[in-house]
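# Residue-level structure breakdown
Residues per chain are reported as follows:
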Amino acid sequence: MNTEQFWAAVDLARRGPAGSSVPGGPSGAEVDAAPTEVAARLVDVLATGAPEAIVAWDRHLERVLTASAKVDLWATAYLINGGCSDEGFDHFRGWLVAQGRRTLADAVADPDSLAGVPAVRRAASTGAELGCVEILRAAGVAYHRVAGADLPRSGAGPARPGFDDFWDFDDEDEIRRRLPRLAALFTEPPEE
């Protein structure tokens, strides 16, 4: 499975059922669908393929998680979600996959770019946590549906940055320096 095929499956899930009025898809337009809905539709999309294709999609997801194993992205999840465990970081990256290729790529290149994402802006005012474990489990559910067995695992867990690279995510000055737009949303008092 190549990158285009991986994201094509995600794009199909993001667009919604046939005839849906949800905008987006391969054109790169933003979609504001609930990540759990995207994950449920992704299971349906993956389940239309052969078991080998589902395994290949899951292996590509591992590569996406490896590419997104960045300390500043973890700091972003920590700031947005009010803290972030190992699993929380995985779930946050699942949420990013549900947002689509452009949002994930932009966030890996510049985590502060997430300040422009509508769901992040809403989370700043509502306190909602952003995560989607269901995306991380979609291939397993689809594989079980198609093959009647558990998805073969590669043995590798989700990649995470090395602990030597971490900085103090509770240091507001450092947050403002590294993530100024997000800091304005999540650490500054609301304007009256």
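Residue numbering note: each chain is counted from 1, following its sequence as written. Totals for whole chains, interfaces and linings use every residue, but because this is a predicted model, local features are given only for residues with pLDDT of at least 70 and side-chain atom pairs only at 80 or more, for both listing and counting. Here the side-chain values reflect all heavy atoms present in the structure, with hydrogen atoms and water set aside.

### Notes on the pattern of salt bridges
Applicable threshold: Put simply, a salt bridge is a Lys or Arg side-chain nitrogen that is within 4 Å of an Asp or Glu carboxyl oxygen. Numbering of helices and strands starts at the N terminus; helices are DSSP runs of H or I of at least 4 residues and strands are runs of E of at least 2. Relative accessibility thresholds used throughout: buried, under 20% of the residue-type maximum; exposed, over 50%; partly exposed, between the two (1.4 Å probe, protein chains only).
Scanning the model with the defined rule gives 11 salt bridges in all. Across the salt bridge formed by Arg 101 and Glu 4, the nearest N and O atoms sit 2.8 Å from each other. On the criterion of sequence distance, the pair formed by Arg 101 in helix α6 (residues 101–109) and Glu 4 in helix α1 (residues 3–15) is long-range, its members being 97 residues apart. On the basis of relative accessible area, Arg 101 is assigned to the partly exposed category, the value being 35%. Linking Asp 72 and Arg 178 is a salt bridge whose minimum nitrogen-to-oxygen distance equals 3.3 Å. One end of the pair, Asp 72, is in helix α4 (residues 71–81); the other, Arg 178, is in helix α9 (residues 172–178), and 106 residues separate them in sequence. We classify Asp 72 as partly exposed; its relative accessible area is 26%. Members of the salt-bridge network, linked through shared partners, are Asp 72, Glu 174, Arg 177 and Arg 178.

### Focus: the nonpolar core
Within soluble globular proteins, side chains that are nonpolar generally end up buried alongside one another. Applied cut-off: Residue types Ala, Val, Leu, Ile, Met, Phe, Trp, Tyr and Cys, when buried and joined through side-chain atoms within 4.5 Å, form a set referred to as a nonpolar core. When checking whether two residues touch, look at their non-hydrogen atoms; a contact exists if any pair is within 4.5 Å.
Leu 46, Trp 57, Phe 92, Trp 95, Val 97, Leu 114 and Val 120 are the most contacted members of the largest nonpolar core, which totals 56 residues. At seven residues, α4 tops the list of elements feeding residues into this core. Residues within four places of Leu 114 in sequence aside, it is in contact with Leu 73, Thr 76, Phe 92, Trp 95, Leu 96, Thr 103, Ala 107, Val 120 and Leu 182.

### Side note on α6
Here is the rule we go by: The arc in question is the one traced by the directions running from the helix axis out to the C-beta atoms.
Every buried residue of α6 is accounted for by Thr 103, Leu 104 and Ala 107. Down the axis of α6, the buried side of the element spans an arc of 95°, and every buried residue falls inside it. The inward-facing, buried residues of α6 contact α1, α3 (51–67), α4 and α5 (86–99).

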